[in-house]
Amino acid sequence: DLLKVINDANSKVCNLDTDRLMIERGLSQIAIINLNFCANEGPKDYSSWLLLGVANLRVSENGSIFKDDKPLYRKNAIWAFEGAYKTDPVNKTAIEYLISVHKVENNQKEVDRWQKLLDNLIRIEK
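Just so you know, these numbers come straight off a predicted model, no measurement behind them.

Draft legend 1. Geometry of the overall build of the protein chain. What the protein chain contains, in helices and strands, is 7 helices and 0 strands. Counting helices and strands in the order they occur from the N terminus, the protein chain gives α-α-α-α-α-α-α. Buried positions account for 42% of the 126 residues belonging to the protein chain. Nonlocal contacts in the protein chain, meaning residues at least 24 apart in sequence, comprise 54% of its contacts between residues at least 6 apart. Summing over all exposed atoms, the protein chain offers an accessible surface of approximately 7500 Å²; the carbon and sulfur share of this is 52%.

Draft legend 2. Spatial organisation of the packing of helix α5 (residues 70-87) against helix α6 (residues 92-104). Closest axis-to-axis distance for the α5/α6 pair is 9 Å, and the angle between their directions is 155°. It follows that α5 is roughly antiparallel to α6 by the angle criterion. For the crossing formed where α5 meets α6, the hand is left-handed. Counted together, Arg74, Ile78, Phe81, Glu82, Ala84 and Tyr85 of α5 and Ala94, Ile95, Tyr97, Leu98, Val101, His102 and Val104 of α6 form the full contact between these two elements. Here the residues of the contact of α5 with α6 are counted per class, giving 10 nonpolar, 1 polar and 2 charged.

Draft legend 3. Up close: unusual backbone geometry. At Asn106, a position not held by glycine, the phi torsion is positive, near 55°. Along the chain, the position of Asn106 falls in the loop between α6 and α7 (108-125).

Draft legend 4. Region of interest: the side chain of Ser28. For Ser28, the position within the fold is in helix α3 (residues 28-40). We classify Ser28 as buried; its relative accessible area is 4%. With residues near it in sequence (within four places) discarded, Ser28 still touches Met22, Ile23, Ala55, Arg58 and Val59.

Draft legend 5. Structural detail: the nonpolar core. Among the nonpolar cores identified, the biggest contains 32 residues, and Ile23, Leu35, Phe81 and Ile95 are the most heavily contacted of them. Of all the secondary-structure elements, those providing two or more residues to this core are α2 (16-24), α3, α4 (46-61), α5, α6 and α7. In terms of residues, this core owes the most to one element, α4, which gives 9 residues. Setting aside anything within four residues of it in sequence, one finds Leu35 in contact with Leu16, Asp19, Ile23, Ser48, Leu51, Leu52 and Ala55.

Draft legend 6. Quick peek at the packing of α6 against α7. Relative orientation of the contacting elements α6 and α7 amounts to 155°, with a least axis distance of 9 Å. By the angle class used here, α6 and α7 are roughly antiparallel. For the pair α6 and α7, the sense of crossing is left-handed. Side by side, α6 and α7 meet where Lys92, Ile95, Glu96, Leu98, Ile99, His102 and Lys103 of the first sit next to Glu110, Val111, Trp114, Gln115, Leu118, Leu121, Ile122 and Glu125 of the second. Of the residues belonging to the contact of α6 with α7, the class tally is 8 nonpolar, 2 polar and 5 charged.

Draft legend 7. View of the side chain of His102. Relative to the helices and strands, His102 is located in helix α6. Contacts of His102, omitting those with residues within four sequence positions, involve Ile78, Asn107, Glu110, Val111 and Trp114.

Calculation notes
Residues numbered from 1 in each chain as written. Predicted model: local features only at pLDDT ≥ 70, side-chain atom pairs only at ≥ 80, totals over all residues. Heavy atoms only, no water. Helix = DSSP H or I, 4+ residues; strand = E, 2+ residues; numbered from the N terminus. Buried < 20%, exposed > 50% of the residue type's maximum accessible area, 1.4 Å probe, protein only. Contact = heavy atoms within 4.5 Å. Areas by Shrake-Rupley, 256 points an atom, 1.4 Å probe, with all protein chains shown as cover. Axes fitted to C-alpha atoms, helices over the stretch in contact; angles between N-to-C directions. Parallel < 35°, antiparallel > 145°, perpendicular 65-115°, else oblique. Left-handed = near helix turned anticlockwise from the far one by under 90°. Nonpolar A, V, L, I, M, F, W, Y, C, P; charged D, E, K, R; others polar. Core = buried A, V, L, I, M, F, W, Y, C linked by side-chain atoms within 4.5 Å.

See the structure below:
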C-alpha cells in the first residue's frame, strides 16, 4: 500500500484522495512529494493547494523532525495556503489556516491582515 503511494508520487500522478489519506495516516512527507507536483505543475485547484499546506503544517507539528526545520515547513504551508486563497478567495478554510500558522509564527501583522479578510467574508455572507 505504501509502495504504491510512493510509486504514484514518483510518477507524478495527482490523486488528492490518496494524498489526503497519507496526511491522515501521519505520512505527510510522502504526500508533499505528490502535492508539490500537483500545486506547481499540475492542476492549480484549491484542493491541491490546501492539501499541500496541510501536509506541510502537519510535518511542522511532527515532534520527530529537527526543530530548525519546522519554520521551513510552516513557511511552505503559508505559501500553499496563499496559493489556495488566490485560487478561491471566498473560501474561508485557507484564510483560517493562514491565521493559525501566523499565530504560531508570532506574526501579529499577518494575523490581523488575514483576520480582517475573514471578518469581511463573514459579513458579506450575512
